[in-house]
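Here are the chains, one letter per residue:
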Amino acid sequence: MKLFGLVCCAMGLMSLVSFCAMGLDKRFARRGRRRIPEKRLFLFALLGGAAGGLAGLYLFHHKTRHWYFVWGFWTLALLEWGAMLAWRVL
């Protein structure tokens, strides 16, 4: 498998992890349990899971009132998508 394909698979896996983490954190918040730290949610996005984090952000209506979360996840997602597009084109 080419390197590009491996990176895409890794990003897909991290997106799944990020999406699930958003869902779990929302569930924990509703039940009054210990939460997943925001730094960890951003770390998952930074490691390639921004698309899944965005999906979780809006699907679970989680952290959408925190402007830095919305802007941060959109910024990371656009940077990741732009980097992948640039890599594929070049």
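For the structure, see preceding data.
(A) Main features of the environment of A10. For A10, the location among the structural elements is in helix α1 (residues 3-31). Residue classification places A10 among the partly exposed positions, given a relative accessible area of 40%. Along the primary structure A10 and G49 are separated by 39 residues, whereas in three dimensions their C-alpha atoms are 8.8 Å apart.

(B) Looking closely at the nonpolar core. Core analysis: the largest hydrophobic core is formed by 16 residues, its most contacted members being M22, L41, L57, F69 and F73. Of all the secondary-structure elements, those providing two or more residues to this core are α1, α2 (38-59) and α3 (67-89). With six residues, the single largest contributor to this core is α2. Discounting residues that sit within four places of it in the chain, F73 has contacts with S18, M22, L41, F42, A45, A50, G53 and L54.

(C) Looking closely at the packing of aromatic side chains. Per the stated rule, a full pass over the model turns up seven aromatic pairs. Geometrically, the ring pair formed by F19 and F60 is tilted, given 5.1 Å between the ring centres and 40 degrees between the ring planes. Of this pair, F19 sits in helix α1 while F60 is found in the loop between α2 and α3, placing the two residues 41 residues apart along the sequence. By relative accessible area, F19 is classed as partly exposed at 25%. Site record: aromatic cluster; members linked through ring pairs are F42, W67, Y68, F69 and F73. The ring centre of F69 lies 5.4 Å from the NZ or CZ of K63, which sits over that ring. Over the face of the ring belonging to F4 we find R88, whose NZ or CZ atom lies 4.9 Å from the ring centre.

(D) Layout of the packing of α2 against α3. It is at 9 Å that the axes of α2 and α3 come closest, and there the two elements cross at 90 degrees. It follows from the interaxial angle that α2 and α3 lie roughly perpendicular. Of the residues contributing to the contact of α2 with α3, the split by class is 17 nonpolar, four polar and two charged.

(E) Focus on unusual backbone geometry. Despite not being glycine, H61 has its phi angle at roughly 50 degrees, a positive value. Residue placement: H61 occurs in the loop between α2 and α3. A positive phi angle, close to 65 degrees, is found at K63, a residue other than glycine.

(F) Just a nonpolar patch on the surface, in detail. On the surface, Y58, W74, L78 and W81 cluster together into a nonpolar patch covering about 430 Å² of accessible area. Broken down by element, the nonpolar patch gets its largest block of residues, three residues, from α3. With a relative accessible area of 41%, W81 lands in the partly exposed category.

About the thresholds
- Residues numbered from 1 in each chain as written.
- Predicted model: local features only at pLDDT ≥ 70, side-chain atom pairs only at ≥ 80, totals over all residues.
- Heavy atoms only, no water.
- Helix = DSSP H or I, 4+ residues; strand = E, 2+ residues; numbered from the N terminus.
- Buried < 20%, exposed > 50% of the residue type's maximum accessible area, 1.4 Å probe, protein only.
- Core = buried A, V, L, I, M, F, W, Y, C linked by side-chain atoms within 4.5 Å.
- Contact = heavy atoms within 4.5 Å.
- Phe/Tyr/Trp six-rings, centres within 6.5 Å; stacked < 30°, edge-to-face > 60°.
- Lys NZ or Arg CZ within 6 Å of the ring centre and 35° of its normal.
- Axes fitted to C-alpha atoms, helices over the stretch in contact; angles between N-to-C directions.
- Parallel < 35°, antiparallel > 145°, perpendicular 65-115°, else oblique.
- Nonpolar A, V, L, I, M, F, W, Y, C, P; charged D, E, K, R; others polar.
- Patch = residues over 30% accessible without salt bridge, like charges linked within 9 Å, V, L, I, M, F, W, Y side chains within 5 Å.
- Areas by Shrake-Rupley, 256 points an atom, 1.4 Å probe, with all protein chains shown as cover.
- Salt bridge = Lys/Arg side-chain N within 4 Å of Asp/Glu carboxyl O.

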